[in-house]
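One letter stands for each residue in the lines below.
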Amino acid sequence: LPRLMMWAVFAAAAALRCKHTNSSGQRLLTHKTSDAELRRRFHNLVATMNGTLKPEPSTRLGAFAANIQFEPRTVGYSINNAIATIYMQLGSYGQANIGDVFNGATANSLYHFPIQSDANLQIAEFEYNYWLNNVSLKNIFTAPATLYARSALPSFRAAVQRDYFSKTSLSCSILYCNVHFGRMMDNINNMLNTTAC
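Residues numbered from 1 in each chain as written. Predicted model: local features only at pLDDT ≥ 70, side-chain atom pairs only at ≥ 80, totals over all residues. Heavy atoms only, no water.

1. Things to note about the packing of helix α2 (residues 35–50) against helix α4 (residues 75–90)
Link 1 in the chain: The contact between α2 and α4 brings their axes to 9 Å, and the two run at 155°. One way to sum up the angle between α2 and α4 is to call them roughly antiparallel. Remark: the crossing between α2 and α4 carries right-handed chirality. Between α2, through L38, R40, R41, F42, N44 and L45, and α4, the contact on the second element is made entirely by A84, Y87, M88, Q89 and L90.
Link 2 in the chain: Residue classes in the contact of α2 with α4 are distributed as 7 nonpolar, 2 polar and 2 charged. (Axes fitted to C-alpha atoms, helices over the stretch in contact; angles between N-to-C directions. Helix = DSSP H or I, 4+ residues; strand = E, 2+ residues; numbered from the N terminus. Parallel < 35°, antiparallel > 145°, perpendicular 65-115°, else oblique. Left-handed = near helix turned anticlockwise from the far one by under 90°. Contact = heavy atoms within 4.5 Å. Nonpolar A, V, L, I, M, F, W, Y, C, P; charged D, E, K, R; others polar.)

2. Concerning the side chain of R157
Link 1 in the chain: Note on placement: R157 falls in helix α9 (residues 154–165).
Link 2 in the chain: Using a relative accessible area of 10% as the deciding quantity, one classes R157 as buried.
Link 3 in the chain: Polar contacts involving the side chain of R157 include one to the main-chain carbonyl oxygen of A149, which spans 2.4 Å.
Link 4 in the chain: Once you skip the residues sitting within four places of it in the chain, R157 turns out to touch A124, E127, Y128, W131, A149, R150 and A152. (Buried < 20%, exposed > 50% of the residue type's maximum accessible area, 1.4 Å probe, protein only. Polar contact = N/O pair within 3.5 Å; in protein donor to acceptor, adjacent residues only side chain to side chain.)

3. Topic: the pattern of salt bridges
Side chains that carry opposite charge are capable of pairing whenever their charged atoms lie near each other.
Link 1 in the chain: The full count for this structure, using the stated rule, is 4 salt bridges.
Link 2 in the chain: Notably, a salt bridge pairs E37 with R40, separated by 2.6 Å at the nearest N-O pair. With E37 and R40 both in helix α2 and 3 residues apart, this pair spans about one turn of that helix.
Link 3 in the chain: Notably, a salt bridge pairs R157 with E127, separated by 3.1 Å at the nearest N-O pair. A residue pair is termed long-range when its members are at least 10 positions apart, and R157 in helix α9 and E127 in helix α7 (residues 118–134) qualify at 30 residues.
Link 4 in the chain: With a relative accessible area of 11%, E127 lands in the buried category.
Link 5 in the chain: What emerges from the salt-bridge pattern is a single network uniting E37, R40 and R41. (Salt bridge = Lys/Arg side-chain N within 4 Å of Asp/Glu carboxyl O.)

4. A look at unusual backbone geometry
Link 1 in the chain: Residue R73 is not a glycine yet carries a positive backbone phi of 70°.
Link 2 in the chain: Looking at the secondary structure, you find R73 in the loop between α3 (60–65) and α4.
Link 3 in the chain: In this structure, A96 is a non-glycine residue whose phi angle is positive, near 50°.
Link 4 in the chain: Here A96 shows up in the loop between α4 and α5 (98–102).
Link 5 in the chain: Residue class for A96 comes out partly exposed when judged on its relative accessible area of 23%.

5. Focus on the packing of α7 against helix α8 (residues 143–151)
Helix-helix packing is described using two parameters, namely the angle between the two axes and the distance between the axes.
Link 1 in the chain: It is at 9 Å that the axes of α7 and α8 come closest, and there the two elements cross at 135°. Between α7 and α8, the angle is such that the two are oblique. The chirality of how α7 crosses α8 is left-handed. On α8, the residues touching Y128, W131 and L132 of α7 are T146, A149 and R150.
Link 2 in the chain: Along the lines of polarity and charge, the residues of the contact of α7 with α8 split into 4 nonpolar, 1 polar and 1 charged.

6. Here we look at the nonpolar core
Link 1 in the chain: With 28 residues, the main nonpolar core has L45, F64, I79, F102, Y111 and I123 as its most contacted residues.
Link 2 in the chain: Those elements that place two or more of their residues in this core are α2, α3, α4, α5 and α7.
Link 3 in the chain: Per element, the largest residue contribution to this core is 7 residues, and it comes from α4.
Link 4 in the chain: Filtering out sequence-adjacent residues up to four positions away, I123 remains in contact with V75, I79, F102, A107, L110, Y111 and Q161. (Core = buried A, V, L, I, M, F, W, Y, C linked by side-chain atoms within 4.5 Å.)

Structure, rendered in structure tokens:
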């Protein structure tokens, strides 16, 4: 129940605006996440958690499905909460094939460790290297999210996973969502507004 409450708060707080502009400053795409879309995303998380939805493993929702079963204060639990939060904020936008990372053998070997262990930083480094080495900046639909993912260094990812997403505390999660994701969306918007197509 605390996880579902946390996601509901994220859904209620989300107001995603993305603007794509070309080098002449012409707007190519404007998107505001509708209430219906947020409800759909929330439903997808719950259905995946209940086993009634089997998402494509390579997707962000597939990444969420890869680590549902882990207990609080484990790497898997923390990663699961982080992915749910990102999914509520971005849906499939910029997901590349992130599910392949979290469904792979390396990630699976780290999920069961305590969040305070070295496995936390190892999985953060593993994901960071995926964004750094495997996702092109040439695709307009993934480039801004990729730029942001590349700016979140492994030490930052590990700290966020440990300090916010490993806990069941709703207040910690709300605080993180309000502070960080507001900044993240501003950063993505700024990158989108300055990215030439």
